[in-house]
Amino acid sequence: MLDVLHREGIYLWYYFTLQLSQIFRYWVLGMVLGSLISVFAKDYLHGLVRSMGGKQLGVLGVVLSALFQRYVPSELVASLFGENEGFGILMAATIGVPLYACGGGTIPLLQAWLADGMSLGSAAAFMITGPATKITNLGAVKIVLGAKRFALYLTFTILFALLTGWLVNLTF
């Protein structure tokens, strides 16, 4: 029994070490960008949140995500995201919006896409828009912010994802 626990401990250590080494740079970049935004845009963002109200969202993103992940081959998606880096980043950021993907759920998906040729900038853009725009988050944001500011939230999420993807491609 101790032998099994020892093997499982080694496996878990290896798995988390590997995951950390693959995402550490993006995590640091996200921390820096998030800190800068929270420091320099805090009052503006708080004002936006206070002035908004809203309605509930449907389940369209969940349905689109299920259909997309089931019927669209990962090689096709990776080729769209990798061949032309600028267009690939735009595609990744745009496709990330309607897909129902959480941070943990996007990692295996992105690993497959990266292995098939997706650019790192496209992966970063998808990693930002996917979790930031999943249905549960969007529902809460729309209720709090209202329709007009909800559209601004989506616009800024996509713009920052595009900028981050472009910076990642320039850096790496």
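This one's a predicted model, so the numbers in the text were calculated from it and none came from an experiment.

## Details of the overall build of the protein chain
Then step 1. For the protein chain, the helix and strand inventory stands at nine helices and zero strands.
Then step 2. Here the protein chain holds 172 residues, and the buried ones make up 29% of them.
Then step 3. Once local pairs closer than 6 in sequence are excluded, the contacts in the protein chain between residues at least 24 apart make up 81%.

## Things to note about a nonpolar patch on the surface
Then step 1. On the surface, a nonpolar cluster with roughly 950 Å² of combined accessible area is contributed by Ile 37, Tyr 44, Leu 152, Phe 156, Leu 159, Phe 160, Leu 163, Trp 166, Leu 167 and Leu 170.
Then step 2. Residue position: Tyr 44 is located in helix 2 (residues 42-50).

## Let's talk about the layout of surface pockets
The probe, sized like a water molecule, is rolled over the atoms to show the empty space still left.
Then step 1. In this structure, the largest pocket encloses a volume near 1,300 Å³.
Then step 2. Around the largest pocket, the lining is made up of 40 residues, and of these Gly 30, Ile 128, Ala 132, Phe 160 and Thr 164 lie nearest the centre.
Then step 3. The dominant element in the lining of the largest pocket, judged by the number of residues it contributes, is helix 1 (residues 2-40), at 13 residues.
Then step 4. Residue composition of the lining of the largest pocket, by class: 30 nonpolar, eight polar and two charged.

## With respect to the confidence of the model for the protein chain
Then step 1. Per-residue pLDDT for the protein chain has a mean of 76; in total, 81% of the residues score no lower than 70.
Then step 2. When pLDDT is averaged over each helix and strand of the protein chain, the minimum, 64, is found for helix 3 (residues 60-71) and the maximum, 89, for helix 9 (residues 147-171).
Then step 3. Overall, residues 53-59 carries pLDDT values under 50, and its contacts beyond four positions in sequence, including any with other chains, amount to 19 contacts.

## Examining the nonpolar core
Then step 1. Residues Phe 81, Ala 92, Leu 110, Trp 113, Met 118, Ala 125 and Phe 126 are the most contacted members of the largest nonpolar core, which totals 14 residues.
Then step 2. Elements with a minimum of two residues in this core: helix 4 (74-82), helix 5 (85-96), helix 6 (103-115) and helix 7 (120-132).

## Describing the packing of helix 8 (residues 135-145) against helix 9
Then step 1. One can describe the packing of helix 8 onto helix 9 by two numbers: an axis separation of 7 Å at closest approach and a directional angle of 135 degrees. Taken together, the axis directions place helix 8 and helix 9 in an arrangement best described as oblique. Here helix 8 runs over helix 9; the crossing is right-handed. Touching Leu 138, Val 141, Lys 142 and Leu 145 of helix 8 are Ala 147, Arg 149, Phe 150, Tyr 153 and Leu 154, all from helix 9.
Then step 2. Looking at the contact of helix 8 with helix 9, its residues break down into seven nonpolar, no polar and two charged.

What counts and how
- Residues numbered from 1 in each chain as written.
- Predicted model: local features only at pLDDT ≥ 70, side-chain atom pairs only at ≥ 80, totals over all residues.
- Heavy atoms only, no water.
- Helix = DSSP H or I, 4+ residues; strand = E, 2+ residues; numbered from the N terminus.
- Buried < 20%, exposed > 50% of the residue type's maximum accessible area, 1.4 Å probe, protein only.
- Contact = heavy atoms within 4.5 Å.
- Patch = residues over 30% accessible without salt bridge, like charges linked within 9 Å, V, L, I, M, F, W, Y side chains within 5 Å.
- Areas by Shrake-Rupley, 256 points an atom, 1.4 Å probe, with all protein chains shown as cover.
- Salt bridge = Lys/Arg side-chain N within 4 Å of Asp/Glu carboxyl O.
- 1 Å grid on protein atoms, 1.4 Å probe; cavity = no way out; pocket = protein on both sides within 12 Å on 5 of 7 lines; lining within 4 Å.
- Points joined across faces, edges and corners; volume = space filled by probe spheres on them.
- Nonpolar A, V, L, I, M, F, W, Y, C, P; charged D, E, K, R; others polar.
- pLDDT = per-residue confidence, 0-100.
- Core = buried A, V, L, I, M, F, W, Y, C linked by side-chain atoms within 4.5 Å.
- Axes fitted to C-alpha atoms, helices over the stretch in contact; angles between N-to-C directions.
- Parallel < 35°, antiparallel > 145°, perpendicular 65-115°, else oblique.
- Left-handed = near helix turned anticlockwise from the far one by under 90°.

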